[in-house]
Amino acid sequence: MKLYGATMSWNVTRCAVALEEAGAEYEIVPINFATAEHKSPEHLARNPFGQVPALQDGDLYVFESRAICKYAARKNKPELLKEGSLAESAMVDVWMEVEANQYTSALTPILFQVLVSPMLGGTTDQKVVEENVEKLKKVLEVYEARLSKYKYLAGDFLSLADLNHVSATLCLFATPHASLLDGYPHVKAWWSSLMERPSVQKIAALMKPSA
């Protein structure tokens with residue numbers, strides 16, 4: 001399998017964590033944004049929106065990072081989705097939605113303002129950062145309550161719902177807001193357990209040069 005995109009994109013490395021944890025054979029193929037390679041006909045055939053990531057598996061092209069993660073899990077390690085149990089798979093689905101629509105939607109503006117904007121020659125809008133830090137804290141309160149009852153988000157089993165958090169959270173630790181998790185002991189313990197996984201350690205090392 002080929003994963004197209006740059007390791008400085010948390011959407012790309014979200015997929016890489018899932019591919020690693022699933023034990024898939026894959027390679028990351030860099031896409032050069034400076035030369036607008038992401039808008040080339042070749043890449044538009046992989047992702048019609050001209051974005052990354054895109055996954056190629058033989059003649060099949062999959063785009064959208066969370067869809068790629070699900071594909072990797074279904075193909076190589078379906079227990080990450082718990083599709084054999086209606087109740088457990090429902091919880092995996094719930095917390096994957098929470099990751100996308102609550103956690104990462106609050107975290108992304110922080111990462112953009114603190115990490116991406118200065119890299120593009122812009123300045124950090126501190127008001128946007130502060131507003132989203134408060135949003136993220138409210139989300140973390142919900143996580144703290146959930147993780148006080150279960151080891152992982154969907155239950156007492158690792159799932160894609162946990163792994164989908166890894167790449168953006170690793171980026172959070174490259175910002176001045178790295179201490180945010182300190183106020184939530186169960187969240188911090190959950191994160192520490194994820195950081196012990198070889199798949200997560202490999203992707204953390206992969207992201208470091210661009211963090």
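Parameters at a glance
- Residues numbered from 1 in each chain as written.
- Predicted model: local features only at pLDDT ≥ 70, side-chain atom pairs only at ≥ 80, totals over all residues.
- Heavy atoms only, no water.
- UniProt positions renumbered as here; feature names shortened; annotations may be inferred.
- Helix = DSSP H or I, 4+ residues; strand = E, 2+ residues; numbered from the N terminus.
- Rg over C-alpha atoms; globule rule 2.2 N^0.38 Å.
- Buried < 20%, exposed > 50% of the residue type's maximum accessible area, 1.4 Å probe, protein only.
- Contact = heavy atoms within 4.5 Å.
- Areas by Shrake-Rupley, 256 points an atom, 1.4 Å probe, with all protein chains shown as cover.
- Phe/Tyr/Trp six-rings, centres within 6.5 Å; stacked < 30°, edge-to-face > 60°.
- Lys NZ or Arg CZ within 6 Å of the ring centre and 35° of its normal.

The name that an unreviewed UniProt entry assigns to the chain is glutathione transferase, with the source organism given as Urochloa decumbens. Check the Sequence similarities (unreviewed entry) section of the UniProt entry for the chain; it says "Belongs to the GST superfamily. Phi family." Taken directly from UniProt, the Catalytic activity (unreviewed entry) text for the chain runs: "RX + glutathione = an S-substituted glutathione + a halide anion + H(+)".

Engineer: What is the right way to read the overall build of the chain from this model?
Structural biologist: Check the secondary structure of the chain and you find nine helices and four strands. Each helix and strand of the chain, ordered N terminal to C terminal, gives the series β-α-β-α-β-β-α-α-α-α-α-α-α. Taking 211 residues into account, the globule formula puts the C-alpha radius of gyration at 17 Å, and the chain, at 17 Å, falls close to it. For the chain, the C-alpha atoms occupy an extent of roughly 50 × 45 × 25 Å along the three principal directions. The buried share of the chain, taken over its 211 residues, is 48%. In the chain, the share of contacts with a sequence separation of at least 24, taken over all contacts with a separation of at least 6, comes to 63%. If you sum the accessible surface of the chain, you get close to 10,200 Å²; carbon and sulfur atoms cover 55% of it.

Engineer: Honestly, the packing of aromatic side chains in this entry has me stumped. Any pointers?
Structural biologist: Each aromatic ring pair is described using two quantities: the centre-to-centre distance and the angle formed by the ring planes. Counted according to the given criterion, the structure contains five aromatic pairs. Taking 5.5 Å as the distance between ring centres and 90° as the angle between the ring planes, the aromatic pair formed by Trp95 and Tyr143 counts as edge-to-face. One end of the pair, Trp95, is in helix 4 (residues 86–119); the other, Tyr143, is in helix 5 (residues 126–147), with 48 residues separating them in the sequence. Pair check on accessibility: Trp95 and Tyr143 agree, each one buried. Through a chain of ring-to-ring contacts, three or more aromatic side chains come together here, namely Trp95, Tyr103, Tyr143 and Trp190. The aromatic ring of Tyr4 is capped on one face by Arg46, whose charged end is 3.9 Å from the ring centroid. The side chain of Lys82 reaches across the aromatic face of Phe157, ending 4.7 Å from its centre.

Engineer: What am I meant to see in the environment of Gln126 here?
Structural biologist: With respect to the helices and strands, Gln126 occurs in helix 5. Taking relative accessible area as the criterion, Gln126 reaches 40% and is therefore assigned partly exposed. Along the primary structure Gln126 and Ile110 are separated by 16 residues, whereas in three dimensions their C-alpha atoms are 9.0 Å apart.

Engineer: Would you explain unusual backbone geometry in this entry?
Structural biologist: Negative phi characterises most residues that are not glycine, and trans characterises most peptide bonds. Here the residue pair Val52 and Pro53 is connected by a cis peptide bond, since its omega of 10° sits within 30 degrees of zero. The topology assignment puts Pro53 in the loop between helix 2 (41–44) and strand 3 (54–57). Its identity as a non-glycine residue notwithstanding, Lys82 has a phi of 55°, on the positive side. Position of Lys82 among the secondary structure elements: in the loop between helix 3 (65–76) and helix 4. We classify Lys82 as partly exposed; its relative accessible area is 24%.

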